Amino acid sequence: MILSDLRDYLREQRRVALADIVTHFNMDADALRGMLDKWISKGKVRKLPLTSSCGTRCCQCDAALTEIYEWVDE
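Here's a quick rundown of the structure.

Regarding the pattern of salt bridges
- As enumerated under the stated definition, the model contains 7 salt bridges in all.
- Among the salt bridges present, the one from aspartate 8 reaches arginine 7, with a minimum N-O distance of 3.0 Å.
- Of the residues examined, aspartate 8 reaches a relative accessible area of 38% and is grouped as partly exposed.
- Judged by its relative accessible area of 24%, arginine 7 is partly exposed.
- Here the residues in one salt-bridge network are Asp30, Arg33, Lys47 and Glu67, joined through shared partners.

Section: helix α3 (residues 29–41)
- With 13 residues, α3 extends 18 Å from end C-alpha to end C-alpha; this agrees with the ideal 18 Å at 1.5 Å per step.
- All of the buried residues along α3 are Ala29, Leu32, Arg33, Met35, Leu36 and Trp39. The buried residues of α3 occupy an angular sector of 165° when projected down its axis, which confines them to one face. Turned more than 90 degrees off the buried face of α3, the exposed positions are Asp30 and Ser41.
- Turning to α3, the residues buried within the fold contact α1 (3–13), α2 (18–25), β2 (45–48) and β3 (68–71).
- Two or three places before aspartate 30, at the start of α3, stands the capping residue aspartate 28, its side-chain oxygen 3.0 Å from that residue's backbone nitrogen.

A short note on the packing of α2 against α3
- Between α2 and α3, the shortest axis-to-axis distance is 10 Å and the interhelical angle comes to 105°. For the element pair α2 / α3, the angle class is roughly perpendicular. Contacts between α2 and α3 involve Leu18, Ile21 and Val22 on the former and, on the latter, Ala29, Leu32, Arg33 and Leu36.
- Its residues assigned to classes, the contact of α2 with α3 shows 6 nonpolar, no polar and 1 charged.

Definitions and cut-offs
- Residues numbered from 1 in each chain as written.
- Predicted model: local features only at pLDDT ≥ 70, side-chain atom pairs only at ≥ 80, totals over all residues.
- Heavy atoms only, no water.
- Salt bridge = Lys/Arg side-chain N within 4 Å of Asp/Glu carboxyl O.
- Buried < 20%, exposed > 50% of the residue type's maximum accessible area, 1.4 Å probe, protein only.
- Helix = DSSP H or I, 4+ residues; strand = E, 2+ residues; numbered from the N terminus.
- Expected span 1.5 Å × (residues − 1).
- Arc of directions from axis to C-beta.
- Contact = heavy atoms within 4.5 Å.
- Polar contact = N/O pair within 3.5 Å; in protein donor to acceptor, adjacent residues only side chain to side chain.
- Axes fitted to C-alpha atoms, helices over the stretch in contact; angles between N-to-C directions.
- Parallel < 35°, antiparallel > 145°, perpendicular 65-115°, else oblique.
- Nonpolar A, V, L, I, M, F, W, Y, C, P; charged D, E, K, R; others polar.

Following this line, the structure appears as structure tokens:
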């Protein structure tokens, strides 16, 4: 996967959890964070404030993967 694939996915989804990105691209979360940081530094993506869960009540989500990223339109 290259940065443009990630860009296209984020543009399409608009707002997406890291867990969903990991699943979609079948990649390590830390590798994806590095790619996301590149888009953040360019001002195209923003990381939303962390929450303690994904929003459901099952409490089975990995808290490290509940990071939410959002594509920023110009």
